[in-house]
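# Residue-level structure breakdown
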Amino acid sequence: MSFPIKDKHGKNLTWGQGISKISTRFGSYFLDFELMLLNLTTLIPLHSVRNFFWKLAGMQIGCCSTLHTGVRVFDPRGISVGEGTIIGYGTFIDGRDSVKIGSHTDIASEVMIYSSEHDLSSPEFAAVLAPVTIGDYVFIGPRAIILAGVNIGDGAVVAAGAVVTKDVAPYTIVGGVPAKEIGERKLKDPHYKLGRFKLFQ
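Everything numeric here is computed off the predicted structure, so don't read it as measured data.

## Details of the overall build of the chain
- Tallying secondary structure elements over the chain gives two helices and 19 strands in all.
- Seen along its three principal axes, the alpha-carbon backbone of the chain occupies a region of about 65 × 40 × 20 Å.
- Here the chain, with 201 residues, has 42% of them falling under the buried criterion.
- Restricting the contact set of the chain to residue pairs at least 6 apart, pairs at least 24 apart contribute 26%.
- Accessible surface, the chain as shown: approximately 11,400 Å² in total, 60% of it carbon and sulfur.
- Charge separation in the chain, taken as the distance between the mean sites of 20 positive and 18 negative side-chain charges, equals 5 Å.

Here it is, written out as C-alpha cells:
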C-alpha cells in the first residue's frame, strides 16, 4: 500500500519515503522560522549582540570579526568566519554547504555568496551543493557574487559587481561577468588589521 500523499511531481511514495519527506518538510519550516527571527536580530545596532545570536544559531565567528546590519544567511550552521574579518551591510551567505571565510578578510556591502545551485539538466531541477572557501586577507567588492564550489585564495581581490564562477588564485585581482583575471596584487605578505567597524552599523 502506497503512502496516501504523492510527491510534488505526482509520483506515488512508499511509507518510508512519505514519512521522510514530511520530516524534512517540518525541519525546513523550523529552519525558516529560525531564519526569520535571525533576520530581525540583524537590525540590532550592536555588533556584540548580533554576534551572540549568530553564534547561538551555530555560526562560527572568530575574535574581533563582525557582521554588519542587514546581513542575511541561509543556515548559519554551515558558515565559519576567521579572526578580524568584516562582512558588510546587506550581504547574503548561503550556508547549506560549507562556507569558510578566512581571517582579516573584507567583504563589502551587498555581496552574495552561494553554496548551492540548481542542476539545469535534472528532471527535478534538483539542488547541487558545493562548498565555498574564501582565504585570508581577501577583499570582495560591493555587489560581487560568489557561486557554489568556488575557492578564493589568500590575498585575492574581487572587483565590485564581479560574478565569480571559477577558483581565484592567491593575490590575483579579478573582475567582470564572468570574473576574469585583470591584475595581480603586489602585496604578497600582508599582516594588516582592518579598521574598526562602525559602532552602530
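## Description of the sheet that holds strand E4 (residues 79-81)
- Spatially, five strands are ordered E1-E4-E7-E12-E15 in an open sheet, and the strand pairing comes out parallel. Since the sheet does not close on itself, it has two edges, and those belong to strand E1 (60-61) and strand E15 (151-152), each with one partner.
- Bridge count for strand E12 (residues 132-134) against E15 is two bridges, and the pairing is parallel. Looking at E15, one finds that Thr133 is bridged to Asn151.

Rules behind the numbers
- Residues numbered from 1 in each chain as written.
- Predicted model: local features only at pLDDT ≥ 70, side-chain atom pairs only at ≥ 80, totals over all residues.
- Heavy atoms only, no water.
- Helix = DSSP H or I, 4+ residues; strand = E, 2+ residues; numbered from the N terminus.
- Buried < 20%, exposed > 50% of the residue type's maximum accessible area, 1.4 Å probe, protein only.
- Contact = heavy atoms within 4.5 Å.
- Areas by Shrake-Rupley, 256 points an atom, 1.4 Å probe, with all protein chains shown as cover.
- Lys, Arg positive; Asp, Glu negative; His and termini not counted.
- Charge placed at Lys NZ, Arg CZ, Asp CG, Glu CD.
- Pairing = 2+ DSSP bridges.

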